[in-house]
Amino acid sequence: MTESQDTQDKISTPPQPDSLTPAQIVAELDKHIVGQGRAKRVTAIALRNRTRRRKLPEDLQKEIVPKNIIMIGPTGVGKTEIARRLSDLVDAPFIKVEATKYTEVGYVGRDVESMIRELVESGVRMVQRRRRERVQAEAEQNVITRLVNLLVHEPPRHRRPADRPETEDEYTQMDRLKERMRDAIVRGEFDSHVVDVEVEEGGPKMIEIFSNTGMEEMGVNLQDMLGNMMPKRTKTRSATVAEARKILLNQEVDKLIDMDSVVTEAINLVEQSGIVFLDEIDKIAGKEKSAGSGPDVSREGVQRDILPIVEGSTVVTKHGPVKTDHILFIAAGAFHVSKPSDLIPELQGRFPLRVELDSLTKEDFKRILVEPRSALIKQYRALLAADGVTMEFTDDAIDAVAELATTVNEQTENIGARRLHTILEKVLEDISFDAPDNAPPALTVDAHYVRERVRDIVKDVDLSRYIL
């Protein structure tokens, strides 16, 4: 790809989320994830069905529930990445949780409803970010005005006597001085000057909530609970103008954003567009063997606790009640020991779509190294370029890395594409260490160099289990 083509690719405007067709969604995912076409198609259809549902009459919208998905495949093949890229693509609230966190429900584990509370917090942050972008320009102007007032000490204005002629006096000159100061602050001429600004003292107070599944920490702000009974405490702090601009900008943005409307919009966004990625679901699948088999009983208990949330229920959060009827749940697991049919029947019925992801081959590894927008080779080249070192990988070097990843995965544990990280780190260890001081300004990594760096480790299978 030429530099002009690469630049054009970066500045091209992506399609709007609501207008994305399944084919366009798959095309966007292809820019980041190699292979797994079947999984991309299934998730793309599920996402498009949300847009279709919003175009229907309101009474029919309520009847159409999302088709939740179970992804089946070994670690490192792209299950989590597909779900994460999907949420980024549509700018939807997204959280990734592990089912094993809830394994000991009723004893030690977390309340399963906490996943929805975390999703709401994600939605609130997302809406705040959007609102912040809208009011950024106005807030910056207000910050400049406050800084001018801090730097310029204006004398008190007195009412002009009726018999006194209207002339240019010190107040008019002060106004002109302020205008010049505004321009100077914008240009950064006063960045090193020190001013006194008021900041809020301490952070939000946290209290711990005791739920029926143990102690769970919730970010409940005592200020929100007690309101004006406990006013905010402030203190004066000295800071440079450059630092003060950041402090005051946050204050001004907070003044311009209506948190009540933020929460309302966030809850609606979560209810209509939220995505929960439930990883390691195979770890809670399993038949109850006997009355005394604690872990199996616990697994089924976790499934029964998760069931109402997936079915559709109302979860109480600190921001208000949230309905889970139309939240999309994407579950994932390797299912080496158990299988999806080991889940309780009610939960199986709530995940009607199942898709199996393919194990990665040598050719997949070669593509992963160079094709995605954030391909590993591009990342390492950019990291070394920051130290002034230009690095090139030959085609046979990429082939050698892919072959090594395949071999080590076969000999030890198959961790998929994550093996590429460990191999590249070992191959480039000396280059990365010497780059700031002793590395040559330009170097080429070929197949011979790759094999020399990991030759002894690959030969010793026991050693490769620890290093690669």
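## Points about the overall build of the protein
Assigned secondary structure in the protein consists of 19 helices and 13 strands. A total of 468 residues make up the protein; the buried ones form 42% of that total. Contacts in the protein between residues at least 24 apart in sequence constitute 76% of all its contacts with a sequence separation of at least 6. Summed over all atoms, the accessible surface of the protein reaches about 26400 Å², with 50% contributed by carbon and sulfur.

## Examining the side chain of Thr317
Structurally, Thr317 can be placed in strand E8 (residues 314–317). Taking the relative accessible area as the measure of exposure, Thr317 reaches 9% and is therefore buried. Not counting the four nearest positions on each side in its chain, Thr317 is found in contact with Arg117, Val120 and Val322.

## Focus on the confidence of the model for the protein
When pLDDT is low, close inspection of the predicted coordinates is not appropriate. Scored by pLDDT, the protein has a mean of 79; 78% of the residues are at 70 or more. Predicted confidence for residues 1–14 stays below pLDDT 50, and this span has two contacts to residues more than four positions away or in other chains. Overall, residues 205–223 carries pLDDT values under 50, and its contacts beyond four positions in sequence, including any with other chains, amount to 44 contacts.

## Considerations on helix H3 (residues 37–54)
Under the 1.5 Å per step criterion, the end-to-end length of H3 is 26 Å for 18 residues, consistent within 8% with the ideal 26 Å. Of the positions making up H3, those classed as buried are Ala39, Lys40, Val42, Thr43, Ala44, Ala46, Leu47, Arg48, Arg50, Thr51 and Arg53.

## Quick notes on unusual backbone geometry
The phi torsion at Gln36 lies on the positive side, around 55°, for a residue other than glycine. Mapped onto the elements, Gln36 comes out in the loop between helix H2 (22–30) and H3. Backbone geometry places Asp91, a non-glycine residue, at a positive phi of 55°. Inspection of the secondary structure assignment puts Asp91 in the loop between helix H5 (79–90) and strand E2 (94–98).

Rules of the game
- Within any chain, residue numbers begin from 1 and follow the written order of that chain's sequence.
- pLDDT decides what is reported in this predicted model: residues at 70 or higher carry local features, side-chain atom pairs at 80 or more are listed and counted, and totals for whole chains, interfaces and linings draw on all residues regardless.
- Neither water nor hydrogens contribute to the side-chain values; these are computed over all heavy atoms in the structure.
- Going along the chain from the N terminus, every DSSP run of H or I of four or more residues is numbered as a helix, and every run of E of two or more is numbered as a strand.
- For each residue, the accessible area found with a 1.4 Å probe, counting protein chains only, is set against the maximum for its type, and the residue is called buried under 20%, exposed over 50%, and partly exposed in between.
- Note on contacts: a residue pair qualifies if any of its non-hydrogen atoms lie within 4.5 Å across the two residues.
- Every accessible area reported is derived by Shrake-Rupley at a probe size of 1.4 Å, with residue values counting cover from the shown protein chains alone.
- The quantity called pLDDT is the predictor's confidence in a given residue, expressed from 0 to 100.
- To estimate the expected span of a helix, subtract one from its residue number and multiply by 1.5 Å.

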